[in-house]
Amino acid sequence: MYRRRVIKTMFAAAGAALTAPMIARAEATELRAAKQFGLGYLQYVLMEELKLVEAQARAAGLGDIKVTWATFRSSDVMNDALISGSVDFVSLGLPGIATIWSRTRGQLNVRAAAGLNSLPLMLLTRNPQVQKIADFTENDRIAVPAVKVSNQAILLQMEAAKLFGEQNYQRLDALTVSMAHPDATAAMLGAAGEVSANFSSPPFQYRQLKDPRIRKLTTSNEILGGRSSFNVVATTGKFRDTNPKLYRAYLAALEEATAMVNRDRRGAAEIYLKATGDKTPIDEILAIMSDPDIEFTTKPMTISPMVDFMAKTGALRAKPERWQDLFFAEATGA
């Protein structure tokens, strides 16, 4: 009897010894995050440069976490990276989160973990013959981050539906070309070329407007009837479930960066300019950040109009019953 108790105790101790390090290593020791080009990713720049995620992870008892950052041109590329498992957190426009939510329900269960900001997007042209959107012809080319699927591409479809009838919402799609914002800006400011218009984002659109040849045709606020989330932060349900502390550490770092931006805009702008190599004078960046239509906030804003449009045109495999379905519960206060 005594010997059996000793043996059982030894096995229990051995099991505990094996289990303890597994528990300690349960969460990932590396976090891979992604951003895109432009001022819309200002908080991410601060998070990367000031190593805010690493600090929050240590405060959560996770030790030294390796954080790596990648930069992509648009949501469609980010979606592919998230589905393939090559990144853990991405920044997506509303079309991006609606699409990946629809594609991964019941599997990876990708949802938004927070908002990021609200920024007006501007459709600009340098073609003197184009005074309004209806003036575009087959000779024009409109640069967007990604044809058919980016924020700007969907906004263009929404405006086409208003102008030409809902059945003609794709009328301008044939004129769009995929270009990263820096490349589109170079094309717009350069000599006459194929690209005659650009649906852009800050700070690139403001830089383009300094050229007297370039004019504004419309904005996302005008198309949507108000301010909306330009970007949201997204991850998989699996990552959230298996790395709860690291998940919360990332979001805590995002909140910290957002507070920094709103508390010290000049300091945030200085870090952004140095990190990105952007040659825009700091006073111009600060003027952009002071635009009343620009808000750095993790609160989701005006989600439904674009998502409903995408569902109506068949761009989504499934339509969410309500916009909150696209977000994890904590992101909406549910």
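One can find the structure itself at the top, above this paragraph.
Just so we're clear, the structure is a prediction, and the values are computed from it rather than from any experiment.

**Student:** I'd like a rundown of the overall build of the protein chain, residues and numbers included.
**Tutor:** Along its length, the protein chain carries 15 helices and 10 strands. Each principal axis of the C-alpha distribution contributes one length, and for the protein chain these read about 95 × 45 × 35 Å. Looking at the protein chain residue by residue over its 334 residues, the buried ones come to 51%. If you take every contact in the protein chain between residues at least 6 apart in sequence, the share linking residues at least 24 apart comes to 77%. Accessible surface computed for the protein chain: about 15400 Å², of which carbon and sulfur atoms make up 52%.

**Student:** Can you tell me about the pairing of strand β5 (residues 122-125), naming the residues and giving the values?
**Tutor:** Side chains Met122 and Leu124 project from β5 onto one buried face, and the interleaved Leu123 and Thr125 project onto a second face that is buried too. Judged from the four bridges that link them, β5 and strand β9 (residues 215-219) form a sheet pairing that is antiparallel. Looking at the pairing, Thr125 lines up with Arg215 of β9. Two elements, β5 and strand β8 (residues 197-199), share three bridges in a ladder whose sense is antiparallel. By the bridge assignment, Leu123 is partnered in β8 with Phe199.

**Student:** Which residues make up the packing of aromatic side chains, and what are the values?
**Tutor:** One pass over the structure, following the stated rule, counts 10 aromatic pairs. Aromatic rings pair up to connect Tyr41, Tyr44, Trp69, Phe89, Phe230, Phe239, Tyr247, Tyr250 and Phe328 into one cluster. Taking the ring centre of Phe164 as reference, the NZ or CZ of Arg171 above it sits at 3.9 Å.

**Student:** Describe the side chain of Ser102, naming the residues involved and giving the relevant values.
**Tutor:** Relative to the helices and strands, Ser102 is located in helix α5 (residues 94-104). A distance of 2.8 Å separates a polar side-chain atom of Ser102 from the backbone nitrogen of Ala318.

**Student:** With reference to specific residues and values, describe the pattern of salt bridges.
**Tutor:** As enumerated under the stated definition, the model contains 17 salt bridges in all. Its salt-bridge partner being Arg207, residue Asp278 comes within 3.0 Å of it at the nearest N-O pair. Separated by 71 residues along the polypeptide, Asp278 in the loop between α12 (265-276) and α13 (282-289) and Arg207 in helix α8 (residues 204-209) bring together distant segments of the chain. Asp278 gets classed as buried once you look at its relative accessible area, which sits at 15%. Classification of Arg207 by relative accessible area gives partly exposed; the value is 27%. Between Glu284 and Lys210 there is a salt bridge, and its shortest N-O distance comes to 3.4 Å. Residue Glu284 is found in helix α13, and its partner Lys210 is found in the loop between α8 and β9; the two are separated by 74 residues along the sequence.

Here is what the cut-offs are and how they apply
- Residues numbered from 1 in each chain as written.
- Predicted model: local features only at pLDDT ≥ 70, side-chain atom pairs only at ≥ 80, totals over all residues.
- Heavy atoms only, no water.
- Helix = DSSP H or I, 4+ residues; strand = E, 2+ residues; numbered from the N terminus.
- Buried < 20%, exposed > 50% of the residue type's maximum accessible area, 1.4 Å probe, protein only.
- Contact = heavy atoms within 4.5 Å.
- Areas by Shrake-Rupley, 256 points an atom, 1.4 Å probe, with all protein chains shown as cover.
- Pairing = 2+ DSSP bridges.
- Phe/Tyr/Trp six-rings, centres within 6.5 Å; stacked < 30°, edge-to-face > 60°.
- Lys NZ or Arg CZ within 6 Å of the ring centre and 35° of its normal.
- Polar contact = N/O pair within 3.5 Å; in protein donor to acceptor, adjacent residues only side chain to side chain.
- Salt bridge = Lys/Arg side-chain N within 4 Å of Asp/Glu carboxyl O.

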